[in-house]
Structures are given as structure tokens and as C-alpha cells.
Amino acid sequence: MPANILLVEDEPAIQELIAFNLQQAGHHVLRADSAEAGMNLVKSALPDLILLDWMLPGMSGIEFSKKLRADERTRQVPVIMLTARSEESDKIIGLETGADDYITKPFSPRELQARIKAVLRRRAPQITDDVVEVKGLSLDPATHRVSGNGAPLDLGPTEFRLLHFFMTHPERVHSRAQLLDHVWGDHVFVEERTVDVHIRRLRSALESTGHDALIQTVRGTGYRLSAL
Ligand code: CA
């Protein structure tokens, strides 16, 4: 489950240690030593997760987290706060700013990994390696295989990502713009009708087992995967 992780930590030794552990676990790490530098990195590309130190020079981790939550574009990015404090009241303040989890220094690499995995599973299931299944349609992110009632189905890479996103966010309507953000990536300039082209390809790839019926068009709004 390699993720793009932004690490915002001003203490060089701690930053180095955490970055090393994350890289060992297969993640891609972007580093910043202040909230301001972190903000600039977020502007150029959205990370899958942000590890955010509480005490930073200049803007604090809490203020940064609040800014992320206040902006439509960054609202959904999972945040784990790193802190040397452990008082219960601080935890509550941290979570009220919108952080998804909280980890108190010093922590073991194993504990950090477990927290990251749990937060990603909850907030960004499309980037985990868990097999997903809906009504006999099965998708395995680790092997990149899709099958319908046990029969292998052949999907292109974009259709695969599109289906993975739908299957991990079922029963919700997604606009074309939202699908572009989540499946094609933030800051990618593609026309919205590109989505329609790939939806068509996806449906035709699922046709042989009848699973194309799961992909529904919601008039004037977008698309959804529904097993109902
Ligand atoms: Ca610090």
C-alpha cells in the first residue's frame, strides 16, 4: 500500500528517522520543516496523507490542519498529528481541528505504520491493497485482477482505477469533476467528457458477466456504483 505522504516536522533528527521508516515501508515521502513549506507542497500536489507535527516554528500544526479542513480542495486529506504532549485536553483540541488521529512522541515505527494503515483504510480505501467485492464482482489491487462471478475480466488501467474508486465508495453519486480529482489525480487537466469515455469502456469490460448494470448514470449529476 504505497502512499504519498507529506511529513511536516521541524526537528531534523526526528524528520530523518520518520522519513526513513516510511520509505522502508514503501511509501513516498515529501518533507517540509514548517507549515508554510508544507502548504506550498500541498499546493502543487495533494498527498494521500499528512503527518503533521504540532509544535512548529511560525504557523502551528493545529493552524495548518484547520486551514486544510477549511479548503474544499484539501478537506478530505487525512491528517495524523505528531506531538510530544500527551494530555487528554490536547488530544481533544487536536481532533477538533480535524485531525484523523494523533500519535505521541516517542513512538515505534510499528505503531506509526499501524496508525497510517488504519487512517488510510478508513479515509482513503482506494489506495489500500484490500480486495473489494460487490455482488460477485471482485477487484484485487495487489494483483491488478478483476473477476466477475469467478471469470477474469480485462480492464485498462484507467478503467481499473475508476472501478476501484467506485467499489470503495459505493452507493454515492460522484460528479465528473470529483471522479477526475480522485481517479485521474488532482491538478490534472482533462475534459469532463473524458470521464464519459472511460465509463463507457468500463461498462463494456463488465458486460460479459452483467456487472455493467452496477455502474449507474445519475442524470445531471454524475455516476455511482450501486448494488441495490
Ligand atoms: Ca516540532
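Here the structure is a predicted model, which is why all the values come from computation and not from measurement. (Residues numbered from 1 in each chain as written. Predicted model: local features only at pLDDT ≥ 70, side-chain atom pairs only at ≥ 80, totals over all residues. Heavy atoms only, no water.)

S.K.: Help me get a handle on the nonpolar core, residues and values and all.
M.R.: The biggest cluster of nonpolar side chains holds 26 residues, and the ones touching the most others in it are L163 and F166. For this core, the secondary-structure elements that each account for two or more residues are β6 (132–134), β7 (137–140), α6 (157–168), α7 (176–184), α8 (193–206) and β11 (222–225). The element that contributes the greatest number of residues to this core is α6, accounting for six residues. The contact partners of F166, leaving out residues within four places of it in the chain, are H174, L179, I199, L202, I215, Y223, R224 and L225. In terms of nonpolar packing, the next biggest core, distinct from the first, is built from 19 residues, L82, I103, I116 and A124 among them. (Core = buried A, V, L, I, M, F, W, Y, C linked by side-chain atoms within 4.5 Å. Buried < 20%, exposed > 50% of the residue type's maximum accessible area, 1.4 Å probe, protein only. Helix = DSSP H or I, 4+ residues; strand = E, 2+ residues; numbered from the N terminus. Contact = heavy atoms within 4.5 Å.)

S.K.: Summarise the sheet that holds β7; cite the residues concerned and give the values.
M.R.: Pairing within the open sheet is antiparallel, and its four strands lie in the order β6-β7-β8-β9. The strands lining the two open edges of the sheet, one partner per strand, are β6 and β9 (151–153). Across the sheet, the mean angle separating the axes of adjacent strands is 25° when strand polarity is ignored. Across four bridges, β7 lies against strand β8 (residues 145–148) in antiparallel orientation. Note that in β8 the partner of L137 across the bridge is G148. Each of β6, β7 and β8 is contacted by α6, which is oriented at about 115° to β7, the strand it contacts most. (Pairing = 2+ DSSP bridges. Axes fitted to C-alpha atoms, helices over the stretch in contact; angles between N-to-C directions.)

S.K.: Describe in detail the coordination of the calcium ion, supporting the description with residues and values.
M.R.: Around a metal, the ideal angle is 109.5 degrees if four donors adopt a tetrahedral arrangement and 90 or 180 degrees if six donors adopt an octahedral arrangement. Protein coordination of the calcium ion is provided by D10 (OD), D53 (OD) and M55 (O), with donor distances spanning 2.1 to 2.3 Å. All donors to the calcium ion come from one chain, and their sequence spacing reads D-x42-D-x1-M. Placement of D10 in the loop between β1 (4–8) and α1 (12–24) and of D53 in strand β3 (residues 49–53) is noted, with a sequence separation of 43 residues between them. With a relative accessible area of 28%, D10 lands in the partly exposed category. A residue is classified by how much of its surface remains accessible, and D53, at 3% relative accessible area, is buried. (Donors = N, O, S within 2.8 Å, 3.2 Å for Na, K, Ca; no water.)

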